[in-house]
Amino acid sequence: MTTPGPRLEKITPSNFEAATGIRIRPEQEFAVSPVMQSLAEAYVRPAGVAWPRLVMDGDRPVGFLMAFVDIDWNGRGDGGPVRSGLWRLNIAAGEQGRGYGRFAVESVAAELRRRGTEEMYVTWHEGENGPADFYLKLGFQKNGETSEGETVGVLALDRPPPPAPEPAPQAPVPSYPPAFHN
């Protein structure tokens, strides 16, 4: 039995099908590539550039993330900026809104801090069903750049992320006179 609660797992032959089975909501498909494409891209990159992980809650796959580590941001090999960050984030359609996306972003941030990275980058497609509000609420700041038509956001890793929102208050349970309790 696996301990409940979110955790990351390295992609292996035993969880490959679970990872590639992650599906986001249809209206979000414009904003992120399918897991299979992400894994193919990880495969063709130099070792250590892509950091793909399956997000699990207990024995249940709930999402997929892929970080990028120390890439030549401009892709020209001219000594331009070297950056690390979140490359892909796919939270299963039925699992969204439960904190798994925040967990995934915070997990990547922790891994990058462990590696000595000072800033975490992410890009996103703008739009009604895009993830801009999600990333901005986590503390990412637009830096004025675009990359392949996507907005670039940066998070300073020297400060903790904003606190998670408080859960909605529960309605009080009405108390009844003792005669109504059987």
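Before reading further, recall that the structure is shown in the block above.
What you see is a predicted model, and the numbers here were worked out from it, not measured in a lab.

1. Notes on the overall build of the protein
Point 1. Along the protein, the regular secondary structure elements total 4 helices and 7 strands.
Point 2. Put simply, the protein runs from its N terminus to its C terminus through helices and strands in the order β-α-α-β-β-β-α-β-α-β-β.
Point 3. Within the span of the protein, comprising 182 residues, buried residues form 39% of the whole.
Point 4. Sequence-distant contacts in the protein: of pairs separated by 6 or more residues, those separated by 24 or more amount to 62%.
Point 5. Total accessible area computed for the protein in this model is approximately 11000 Å², and 54% of it derives from carbon and sulfur atoms.

2. So, the pairing of strand E3 (residues 60-72)
Point 1. Inspection of the sheet shows strand E2 (residues 50-57) paired to E3 by 8 bridges, in the antiparallel sense. Of the residues in E3, the one forming a bridge with Leu 54 is Phe 64.
Point 2. The hairpin formed by E2 and E3 contains 2 residues between the paired strands, and Gly 58 there has a positive phi angle of roughly 65 degrees.
Point 3. Judged from the 8 bridges that link them, E3 and strand E4 (residues 82-91) form a sheet pairing that is antiparallel.

3. Thoughts on helix H3 (residues 100-114)
The α-helix winds at 3.6 residues per turn, so residues separated by three or four positions along the chain end up facing the same way.
Point 1. Here H3 contains 15 residues, and its C-alpha end-to-end distance of 21 Å stays within 8% of the 21 Å for a straight helix at 1.5 Å per residue.
Point 2. All buried positions along H3 are accounted for by Tyr 100, Gly 101, Arg 102, Ala 104, Val 105, Ser 107, Val 108, Ala 109, Glu 111 and Leu 112.
Point 3. Each element contacted by the buried residues of H3 is listed here: strand E1 (6-10), E2, E3, E4, strand E5 (119-124) and helix H4 (132-137).

4. Observations regarding the side chain of Asp 57
Point 1. Note that Asp 57 resides in strand E2.
Point 2. Exposure remark for Asp 57: the relative accessible area of 15% places this residue in the buried category.
Point 3. Here Gly 5 takes part through its backbone nitrogen, which lies 2.8 Å from a polar atom of the side chain of Asp 57.
Point 4. Excluding its chain neighbours within four sequence positions, the residues that come into contact with Asp 57 are Pro 4, Gly 5, Pro 6, Arg 7, Val 62 and Tyr 100.

5. Structural notes on helix H2 (residues 35-44)
Point 1. Taken together, the buried positions of H2 are occupied by Val 35, Ser 38, Leu 39, Glu 41 and Ala 42. Down the axis, H2 shows its buried residues gathered within 160 degrees of arc, on one side only. Opposite the buried face of H2, by more than 90 degrees, sit the exposed residues Tyr 43 and Val 44.
Point 2. Residues of H2 that are buried sit in contact with helix H1 (16-20), E2, E3 and E4.

6. Re the pairing of strand E6 (residues 141-147)
Point 1. Relative to strand E7 (residues 150-156), E6 runs antiparallel, the two sharing 4 bridges. Following the sheet pairing, Ser 147 is matched in E7 by Glu 150.

7. Some thoughts on the packing of aromatic side chains
A ring pair, where both rings are aromatic, is described by two values, the distance of the centres and the angle of the planes.
Point 1. Within this structure, the stated rule accounts for 5 aromatic pairs.
Point 2. Centre to centre, the rings of Phe 134 and Tyr 135 are 5.1 Å apart; their planes meet at 65 degrees, and the pair counts as edge-to-face.
Point 3. A network of ring pairs unites the aromatic residues Trp 124, Phe 134, Tyr 135 and Phe 140 as a single cluster.

8. Structural notes on the pattern of salt bridges
Point 1. According to the stated counting rule, one finds 12 salt bridges in the structure shown.
Point 2. One salt bridge in this structure joins Arg 88 and Glu 41, with 3.0 Å as the shortest N-O distance. Here the residue Arg 88 occupies a position in strand E4, and Glu 41 occupies one in helix H2, the gap between them amounting to 47 residues.
Point 3. The exposure class assigned to Glu 41 is buried, which follows from its relative accessible area of 15%.
Point 4. Through salt bridges with shared partners, a single network forms among Asp 57, Arg 60, Glu 95 and Arg 98.

9. What to know about the sheet that holds E1
Each strand in a sheet pairs with another by means of backbone hydrogen bonds, the pair being arranged parallel or else antiparallel.
Point 1. Pairing within the open sheet is mixed, and its 7 strands lie in the order E1-E2-E3-E4-E5-E7-E6. If you trace the sheet from one side to the other, it starts and ends with E1 and E6, each paired once. For this sheet, the mean angle separating the axes of adjacent strands, direction not counted, is 30 degrees.
Point 2. Of the strands in this sheet, E1, E2, E3, E4 and E5 are in contact with H3, which crosses E4 at around 155 degrees.

Rules behind the numbers
- Residues numbered from 1 in each chain as written.
- Predicted model: local features only at pLDDT ≥ 70, side-chain atom pairs only at ≥ 80, totals over all residues.
- Heavy atoms only, no water.
- Helix = DSSP H or I, 4+ residues; strand = E, 2+ residues; numbered from the N terminus.
- Buried < 20%, exposed > 50% of the residue type's maximum accessible area, 1.4 Å probe, protein only.
- Contact = heavy atoms within 4.5 Å.
- Areas by Shrake-Rupley, 256 points an atom, 1.4 Å probe, with all protein chains shown as cover.
- Pairing = 2+ DSSP bridges.
- Expected span 1.5 Å × (residues − 1).
- Polar contact = N/O pair within 3.5 Å; in protein donor to acceptor, adjacent residues only side chain to side chain.
- Arc of directions from axis to C-beta.
- Phe/Tyr/Trp six-rings, centres within 6.5 Å; stacked < 30°, edge-to-face > 60°.
- Salt bridge = Lys/Arg side-chain N within 4 Å of Asp/Glu carboxyl O.
- Axes fitted to C-alpha atoms, helices over the stretch in contact; angles between N-to-C directions.

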